[in-house]
Amino acid sequence: MPVLDQEPSKGLQSGDALPKLPLPALRDTLEMYLRCMKHLLTEEQFNKTQHVVQKFGAPGGVGELLQSKLMERRDKQANWVYDYWLKDMYLNNRLALPINSSPVMVFPQQHFKAPIDSLRFAAHLISGALEYKTLLDAHALPVEYARGQLAGTPLCMEQYYRLFTSYRLPGPERDTLVAQESSVMPEPEHIIVACKNQFFVLDVVINFRRLNERDLLTQLEKIARMADSKEERLPPIGLLTSDGRTEWAESRSVLMRESTNRDSLDMIERCLCLVCLDDASGLELNDTTRATLMLHAGGAAKNGGNRWYDKPMQFVVGADGCCGVVCEHSAFEGIVLVQCTEYLLKYMIGSPSKLVRAASVSELPAPRRLRWKCTPDIHKLLASSADRLQREVNNLDMNVHKFNDYGKEFIKKQKMSPDAYIQVALQLAYYRCHGRPVSTYESASIRRFQQGRVDNIRSATAEALAFVRAMTDGKLGTNDAEKMEMLQSAISAQTKYTILAITGMAIDNHILGLRELAHELKMEKPEIFKDEAHLISNHFILSTSQVPTTVEMFCSYGPVVPNGYGACYNPQSDHIIFSVSSFHESSQTCSAEFVKILVQGLLDMRDLCNKCNRGSNPTEQRQGQKLERHTQTDTKWQSKPPARPTDLTKNRQTPPQVLLTTPGQTKAEAQTQTSSEESDGDSKERK
């Protein structure tokens, strides 16, 4: 079991002792908005936007009125943007959760020799989850502290307490994030096990005693046998949860007409979590395939009905060793998913399976199959949900690549922040693919503040654009020393914006607050929010996130716009795992091509650094390391880079077994969780 070496603090657990999220000055935000957008717009667009912004920010104008109302809101509320942000980012979004919203953690390939092995793995995992919940219930989870820049600040722990107690309820126009904090209803003491598209209630506390691992395995074996009974098999109701949110809300209201269905829905909605025992997919499993299957379960023909996407935590254990976690994102950020998952995997390393020694509860009652009463209408809804999910399955273009040429240690030796460096590399890749910069999202945690979630680091800076142009357009004739200076300027700009974001002074949340307040006050929509620049600024073609881990696993998520990329990366000391997604239906995108060009750009950046930084003083390297953990088409470039022999479109590496820490780590280092303040595995749903 992982060592928890920090003292819990009740005041910090709730976040009450933390400062409130600051409200940036209106003038600062408007100036930064123009600076961020100038190089993403045509001259004509920018001139219009500049006029609109000046009018909005004029003395006595609409902007000042809204700013004063936001200041009042900040005084009254724990976090002035939280409700607005939650609705805009998640609850108002009508897209289906798989691929579009729910990130996944992909475990290394497991090698189960017999069906009982996967059930043993599941029992061990459940046992770890129950240990973790015990810590949460006792408010004994260590308070996390910021690292890197402005280190030592305590971070809001509130999100952790939604891991096993929340549920995303679909609505016709807006979903609701339901937190089970009722003192009237008894605390749930069951999980739901999905097997062959059937749902079973597994009580984890019987006669006031938590089931041990042997008991859990016994119950899972019973469930597997019950699921095998074809006579008892019911329709795959879980498919409905994979649909668009409005469609699922309508289907749910149809289900609710029958009392049998109401009872089953209630049991699922109140459970601690789901454990999905998947059938073998029949596919050749590599990193890319496993990420793809974790995101959409292979559609109705495979394990698409073996899910319930509204629950925050779904632990997937495949008979073929394809395992991981699917996360409903509205309740918490990626860092919470990582911390919980790492705890579980370390628990499984540190606590050998206890299937022999422990005494069992005698006469365990059989798990209960959830029943559904299905009318012809429900069968039609299931068919349409299956069709829509299959379209999503066919559309997803995934590429997971382990870049082995270097990792964050090389970048630190250049006195640069690894996160900022990788963000510049992503800008270079996109520019080389498409010949232009685009609005980019990188999630940055604002957990230094009460109820803090994330804001956006706008990585498509003017400085990054200057660098990527110099590296791409040969006719510019820029020499290596000048390119190096441009790279350092791009890293510096990225670093400065990161600090703004993590200290609550970035622009996205502020602009969102002004827009939502105008709507709340029933004002005519201010011109700044109808301006084309506002639409372009929120159309995140590059949706990125750093999700570092200390055990062997990686995070994946889908793009947030039809012509975009989802780019998640996990920097390790000597390699970087990239998980890139896009949609086949877009003629502008191709994940394999993007990865190929990204890798070439990383090699070109390394070569540039090696040419320019020979003999650099290692004692100066620390300044580039401070921000290491802060963050949560068309034409080919003209100056052809040297050819590399690597085939980037086929990632056939054999991943190491779970239960390995990062090479070179001591046990104590492995048990110090990843930095809790920065990159959040965030699936950005800005529209």
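If you look the protein up in an unreviewed UniProt entry, it shows as Choline O-acetyltransferase from Gasterosteus aculeatus aculeatus. On record in UniProt, under Catalytic activity (unreviewed entry), the comment for the protein is "choline + acetyl-CoA = acetylcholine + CoA".

A few words now on the overall build of the protein. Looking only at helices and strands, the protein features 21 helices and 18 strands. Counting every position in the protein, which comprises 687 residues, the buried fraction comes to 62%.

Below, the discussion takes up the sheet that holds strand β4 (residues 190-195). For sheets, the rule is that strands pair by backbone hydrogen bonds, running either parallel or antiparallel. Taking strand neighbours across the sheet as the criterion, the eight strands line up as β11-β5-β4-β8-β9-β10-β1-β16 in an open arrangement whose pairing is mixed. The open sheet has two free edges, formed respectively by β11 (368-369) and β16 (554-556), since each of these has just one partner strand. Sheet analysis places strand β1 (residues 104-106) next to β16, joined by three bridges and oriented antiparallel. The residue of β16 that forms the bridge with valine 104 is serine 556. The strands touched by helix α7 (residues 213-228) are β4, β5 (198-203), β8 (274-278) and β11; relative to β5, the strand with the most contacts, the crossing angle is about 155°.

Attention now moves to the packing of aromatic side chains. This model, assessed by the stated rule, comprises 14 aromatic pairs. Here the aromatic cluster, defined as three or more aromatic residues joined through ring pairs, consists of Phe199, Trp248, Trp308 and Trp372. One Lys or Arg, arginine 73, reaches over the ring of tyrosine 84 and ends 3.8 Å from the middle of that ring.

With that settled, consider the UniProt feature "active site" (unreviewed entry) in the protein. When the UniProt feature table is mapped onto this chain numbering, "active site" (unreviewed entry) sits at His329. Here histidine 329 shows up in the loop between β10 (323-327) and α11 (334-350). Residue class for histidine 329 comes out buried when judged on its relative accessible area of 0%.

Applying the stated criterion across every chain yields a total of zero disulfides. With no disulfide of its own, cysteine 609 lies closest to cysteine 612 among cysteine sulfurs, the gap being 7.5 Å.

Attention now moves to the packing of helix α6 (residues 115-137) against α7. Where α6 meets α7, the closest approach of the two axes is 9 Å, and the angle between their N-to-C directions is 130°. Considering the angle they form, α6 stands oblique to α7. By crossing handedness, the relation of α6 to α7 is classed as right-handed. Contacts between α6 and α7 pair Ile116, Leu119, Arg120, Ala122, Ala123, His124, Ile126 and Ser127 from the former with Glu213, Leu216, Leu217, Leu220, Glu221 and Ala224 from the latter. Along the lines of polarity and charge, the residues of the contact of α6 with α7 split into nine nonpolar, two polar and three charged.

In this section: the environment of glycine 407. The topology assignment puts glycine 407 in the loop between β12 (396-403) and α13 (408-413). Separated by 169 residues in sequence, glycine 407 and isoleucine 576 place their C-alpha atoms 5.6 Å apart. When neighbours within four sequence positions are excluded, glycine 407 is seen to be in contact with Gln572, Ser573, Asp574, His575 and Ile576.

With 157 residues, the main nonpolar core has Tyr132, Leu163, Tyr421, Leu487 and Phe594 as its most contacted residues. If sequence neighbours within four positions are ignored, tyrosine 421 has contacts with Tyr406, Phe410, Ile411, Met416, Ile491, Leu602, Met605, Arg606 and Cys609. Residues Val254, Leu274, Trp308 and Leu389 belong to the second largest nonpolar core, which totals 44 residues.

Burial within β8 is extensive, with five of its five residues counted as buried. Taking every second residue as pointing to the same face, both faces of β8 are buried, with Leu274, Cys276 and Asp278 on one and Val275 and Leu277 on the other. Note: β8 against strand β9 (residues 313-318), five bridges, orientation parallel. Counted as the bridge partner of leucine 274 is glutamine 314 from β9. Handedness of the crossover joining β8 and β9 through helix α10 (residues 287-296) is recorded here as right-handed.

We now examine unusual backbone geometry. Peptide bonds are trans in most cases, and residues, glycine excluded, mostly fall at negative phi. Even without glycine at this site, lysine 196 takes up a positive phi of about 55°. Phi at asparagine 197 is positive, roughly 65°, even though this residue is not glycine. Following the sequence through the fold, asparagine 197 ends up in the loop between β4 and β5. Under the relative-accessibility criterion, asparagine 197 is labelled buried at 19%.

In total, this model carries 34 salt bridges according to the counting rule given. Between arginine 307 and aspartate 278 there is a salt bridge, and its shortest N-O distance comes to 2.7 Å. With a gap of 29 residues between them, arginine 307 in the loop between α10 and β9 and aspartate 278 in strand β8 connect regions that are remote in the sequence. Accessibility assignment for this pair places arginine 307 and aspartate 278 in one class, buried. Note that arginine 453 and glutamate 333 form a salt bridge whose closest N and O atoms lie 2.5 Å from each other. In this pair, arginine 453 sits in the loop between β13 (440-445) and β14 (454-457) while glutamate 333 sits in the loop between β10 and α11, placing the two residues 120 residues apart along the sequence. Of the residues examined, arginine 453 reaches a relative accessible area of 3% and is grouped as buried.

On to the confidence of the model for the protein. Mean pLDDT over the protein stands at 88; residues scoring 70 or higher make up 84%. Confidence drops under a pLDDT of 50 for residues 1-10, and excluding neighbours within four residues, the segment shows 23 contacts in the predicted structure. Considering only residues more than four positions removed or in separate chains, one finds that residues 615-687, a stretch of pLDDT under 50, has 252 contacts.

Rules used in this analysis
- Residues numbered from 1 in each chain as written.
- Predicted model: local features only at pLDDT ≥ 70, side-chain atom pairs only at ≥ 80, totals over all residues.
- Heavy atoms only, no water.
- UniProt positions renumbered as here; feature names shortened; annotations may be inferred.
- Helix = DSSP H or I, 4+ residues; strand = E, 2+ residues; numbered from the N terminus.
- Buried < 20%, exposed > 50% of the residue type's maximum accessible area, 1.4 Å probe, protein only.
- Pairing = 2+ DSSP bridges.
- Contact = heavy atoms within 4.5 Å.
- Axes fitted to C-alpha atoms, helices over the stretch in contact; angles between N-to-C directions.
- Phe/Tyr/Trp six-rings, centres within 6.5 Å; stacked < 30°, edge-to-face > 60°.
- Lys NZ or Arg CZ within 6 Å of the ring centre and 35° of its normal.
- Disulfide = S-S within 2.5 Å.
- Parallel < 35°, antiparallel > 145°, perpendicular 65-115°, else oblique.
- Left-handed = near helix turned anticlockwise from the far one by under 90°.
- Nonpolar A, V, L, I, M, F, W, Y, C, P; charged D, E, K, R; others polar.
- Core = buried A, V, L, I, M, F, W, Y, C linked by side-chain atoms within 4.5 Å.
- Right-handed = clockwise from strand over helix to strand, strands pointing away.
- Salt bridge = Lys/Arg side-chain N within 4 Å of Asp/Glu carboxyl O.
- pLDDT = per-residue confidence, 0-100.

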